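Here is how the chains run, residue by residue.
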Amino acid sequence: MWSLAAFLLLVPNTGQAATLEKPILSLHPPWTTIFKGERVTLRCDGYHPLLLELRPVSTLWYLGHLLLPSHKKSIEVQTPGVYRCQTRGAPVSDPIHLSVSNDWLILQVPYAVVFEGEPLVMRCRGWYDKVVYKLHYYHDDQPVRYFHSSANYTVPQARASDSGRYQCSGTMRIPVESAPMFSAKVAVTVQELFQAPVLRVTSRVEGRGPALGGVVLRCETRLHPQKRDTPLQFAFYKYSRPVRRFDWGAEYVVPEPEVEELETYWCEAATATRSVRKRSPWLQLPGQGSPLDLASTTSPVPQAVGNNPLSFRKPPVSRSVPAVTSVPNTTSAGLQFLAGRGPTAGPPACVPPTPLEQTPGALKPDVDLLLREMQLLKGLLSRVVLELKEPKAFPEHRETLETPTSHFALSQGTPETTTMES
């Protein structure tokens, strides 16, 4: 049985005790699915500083909850299951799940975690490396890539949207070309490299002499534990205008004159290669004399659509809007908004439609004139019909009948001498 001293470490250049980090388990070749009868190599690597009790470092191997007999640094396996390793005094490593297939076609994906911005490589492999023709790759049942023959599918810079279930299909010549065959679906998860940043007001800087004071903004984010050593750069923006381009510093000082303007800021965090970039929500500055916790109010994160650049607009400022009253007209009933309620206060309350207030003195003359014109026209048409039927009954208008146009002109010019029929 190991003594307690076997689990203590002496950290170089210090006299303090520490705990070993868990070892790193790797797979060679790096595919989690193999054909039945094939063998792969598992390797367990750990950091071992000087132990208080010097002993040869041995490795423990686990298949599920079963302890394997080997104590070497690497082993060859062909049995499916979940493998882990452990070195003396260290925690257990992260697991590797190995699958063994008896199908004609398998989709092989990396065993290691794929982070945002890293390449994602998949391999559609035929039984014992037979060439696969008419090769299709699918993501969540949607075709994403076609190859004439065997080829790997690579996503150069993976995103969270690339997570999902993948599958491949193709034909093989065994010895003649077969019908299309499909592999089993494999789940792939792209891990988040770092969280979306949040812009916060951390403190105020008092001005001294010619130097201006201001407010300190800090762009805060958190890296994945496995990628905590990844360097990040930060940029700061006021609306769509950059006020400080990408740099290693996560803080920016807003000058005091700009603080008084109550401007809106946001920040951006990115890797050095810009393979991963994330934006923070909007931040409204609290203004002079306001408590810093007022700056915690944020707005939605600006998003890009497709490959188009982002567009920004200044957030709307609340302003009082006078009450709106509709003006009645002669064709429809108007709606009235309650006094004191503007559009910014929600949907206006509507008053039930009421009939128009018609003034007899305003509408009656128009109606009377229209009726007189209709009666006059009716009388003229009736007389023309009678003259056409019995021309002898109206000899005085014989010449007029030959020119009906002139008759109408005469009759319309002297309506008072024309007989009106109701």
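Being a predicted model, the structure only gives us computed values, none of them experimental.

1. A short note on the overall build of the protein chain
For step 1, the next point in the chain: On a plain count of helices and strands, the protein chain comes out with 4 helices and 29 strands.
For step 2, the next point in the chain: Looking at the protein chain residue by residue over its 422 residues, the buried ones come to 32%.
For step 3, the next point in the chain: Contacts in the protein chain between residues at least 24 apart in sequence constitute 56% of all its contacts with a sequence separation of at least 6.
For step 4, the next point in the chain: For the protein chain, the exposed surface amounts to about 26,900 Å²; the carbon and sulfur share of it is 57%.

2. Regarding the state of the cysteines
For step 1, the next point in the chain: Under the counting rule described, the total for this entry stands at 3 disulfides.
For step 2, the next point in the chain: Bridging Cys44 to Cys85, the disulfide has an S-S length of 2.1 Å. Across the S-S bond linking Cys44 and Cys85, the dihedral sits near 75°, which makes this disulfide right-handed. Taken together, the residues Cys44 in strand β5 (residues 40-45) and Cys85 in strand β9 (residues 81-87) connect sequence positions 41 residues apart.
For step 3, the next point in the chain: By relative accessible area, Cys44 is classed as buried at 2%.
For step 4, the next point in the chain: Bridging Cys124 to Cys168, the disulfide has an S-S length of 2.0 Å. On the sign convention where negative means left-handed, the S-S torsion of about 70° between Cys124 and Cys168 marks this disulfide as right-handed. Here Cys124 is found in strand β13 (residues 120-126), whereas its partner Cys168 is found in strand β17 (residues 164-171), with 44 residues between them in sequence. Judged on exposure class, the residue Cys124 and its partner Cys168 are both buried.

3. Thoughts on the sheet that holds strand β8 (residues 74-77)
For step 1, the next point in the chain: Taken in spatial order, the 3 strands line up as β3-β5-β8 in an open sheet, and their pairing is antiparallel. What marks the edges here is a single partner per strand, and that holds for β3 (24-28) and β8. For this sheet, the mean inter-axis angle between neighbouring strands, taken without regard to orientation, is 25°.
For step 2, the next point in the chain: Bridging between β3 and β5 involves 5 bridges; their strand directions are antiparallel. Following the sheet pairing, Ser26 is matched in β5 by Arg43.

4. Some thoughts on the pairing of strand β10 (residues 96-101)
For step 1, the next point in the chain: Sheet analysis places strand β4 (residues 33-35) next to β10, joined by 3 bridges and oriented parallel. Paired with Phe35 across the bridge in β10 is Ser101.
For step 2, the next point in the chain: Pairing of β9 with β10, which is carried by 3 bridges, proceeds in the antiparallel orientation. Note on β10: the bridge partner recorded for Tyr83 is Ile96.

5. Quick look at the sheet that holds β13
Sheet strands pair by backbone hydrogen bonding; their relative direction is either parallel or antiparallel.
For step 1, the next point in the chain: Taking strand neighbours across the sheet as the criterion, the 3 strands line up as β11-β13-β16 in an open arrangement whose pairing is antiparallel. Each edge of the open sheet is held by one strand with a lone partner, namely β11 (105-108) and β16 (152-155). In this sheet, neighbouring strand axes are inclined to one another by 15° on average, regardless of whether the strands run parallel or antiparallel.
For step 2, the next point in the chain: Relative to β16, β13 runs antiparallel, the two sharing 4 bridges. Bridged to Val121 within β16 is Thr154.

6. Here we look at unusual backbone geometry
For step 1, the next point in the chain: The residue after His28, namely Pro29, is reached through a cis peptide bond having omega -10°.
For step 2, the next point in the chain: Tracing the sequence through the fold places Pro29 in the loop between β3 and β4.
For step 3, the next point in the chain: Omega for the bond connecting Ile174 with Pro175 falls within 30 degrees of zero, at -15°, which places this linkage in the cis form.
For step 4, the next point in the chain: Position of Pro175 relative to the elements: it lies in the loop between β17 and β18 (181-182).
For step 5, the next point in the chain: If you check the backbone angles, Asp129 has positive phi at about 65° while not being a glycine.

7. Side note on the pattern of salt bridges
For step 1, the next point in the chain: Considering all chains together, one arrives at 17 salt bridges under this definition.
For step 2, the next point in the chain: Across the pair Lys22 and Asp94 runs a salt bridge whose closest N-O atoms are separated by 2.7 Å. Taken together, the residues span a long stretch of sequence, with Lys22 in the loop between β2 (17-18) and β3 and Asp94 in the loop between β9 and β10 at a distance of 72 residues.
For step 3, the next point in the chain: In this structure Lys22 comes out as partly exposed when scored by relative accessible area, which is 41%.
For step 4, the next point in the chain: The residue Arg200 makes a salt bridge to Glu220 at a minimum N-O spacing of 3.0 Å. Residue Arg200 is found in strand β21 (residues 198-205), and its partner Glu220 is found in strand β22 (residues 214-220); the two are separated by 20 residues along the sequence.
For step 5, the next point in the chain: Put simply, Glu38, Arg123, Arg125 and Asp129 are held in one network by salt bridges that share partners.

8. As for the nonpolar core
For step 1, the next point in the chain: Leu107, Leu120, Met122, Leu135, Tyr137, Tyr166 and Cys168 are the most contacted members of the largest nonpolar core, which totals 21 residues.
For step 2, the next point in the chain: Counting only elements with at least two residues in this core, the list comes to β11, β13, β14 (133-139), β16, β17 and β19 (186-188).
For step 3, the next point in the chain: Of all the elements, β13 adds the most residues to this core, at 3 residues.
For step 4, the next point in the chain: Those residues in contact with Met122, other than ones at most four positions away along the chain, are Leu107, Gln108, Val109, Tyr137, Asn152, Tyr153 and Tyr166.

9. Quick word on the packing of aromatic side chains
For step 1, the next point in the chain: For the coordinates displayed, the defined rule picks out 11 aromatic pairs.
For step 2, the next point in the chain: Taking the centre distance of 4.1 Å and the plane angle of 10° together, the rings of Tyr237 and Trp266 count as stacked. Of the two residues, Tyr237 is situated in strand β23 (residues 232-238) and Trp266 in strand β26 (residues 264-271); the sequence distance between them amounts to 29 residues. For the pair Tyr237 and Trp266, one class covers both residues: buried.
For step 3, the next point in the chain: A cation sits over an aromatic face here: Arg173 above Tyr133, 4.0 Å from the ring centre.

10. Things to note about the side chain of Glu38
For step 1, the next point in the chain: Along the chain, Glu38 turns up in the loop between β4 and β5.
For step 2, the next point in the chain: Within the structure, Glu38 has its side chain in polar contact with the backbone nitrogen of Phe35 (distance 3.0 Å).
For step 3, the next point in the chain: A distance of 2.4 Å separates the side chain of Glu38 from the side chain of Arg125, its partner in a polar contact.
For step 4, the next point in the chain: Setting aside its immediate chain neighbours within four residues, Glu38 contacts Val77, Gln78, Arg125 and Tyr128.

The rules behind these values
- Residues numbered from 1 in each chain as written.
- Predicted model: local features only at pLDDT ≥ 70, side-chain atom pairs only at ≥ 80, totals over all residues.
- Heavy atoms only, no water.
- Helix = DSSP H or I, 4+ residues; strand = E, 2+ residues; numbered from the N terminus.
- Buried < 20%, exposed > 50% of the residue type's maximum accessible area, 1.4 Å probe, protein only.
- Contact = heavy atoms within 4.5 Å.
- Areas by Shrake-Rupley, 256 points an atom, 1.4 Å probe, with all protein chains shown as cover.
- Disulfide = S-S within 2.5 Å.
- Pairing = 2+ DSSP bridges.
- Axes fitted to C-alpha atoms, helices over the stretch in contact; angles between N-to-C directions.
- Salt bridge = Lys/Arg side-chain N within 4 Å of Asp/Glu carboxyl O.
- Core = buried A, V, L, I, M, F, W, Y, C linked by side-chain atoms within 4.5 Å.
- Phe/Tyr/Trp six-rings, centres within 6.5 Å; stacked < 30°, edge-to-face > 60°.
- Lys NZ or Arg CZ within 6 Å of the ring centre and 35° of its normal.
- Polar contact = N/O pair within 3.5 Å; in protein donor to acceptor, adjacent residues only side chain to side chain.

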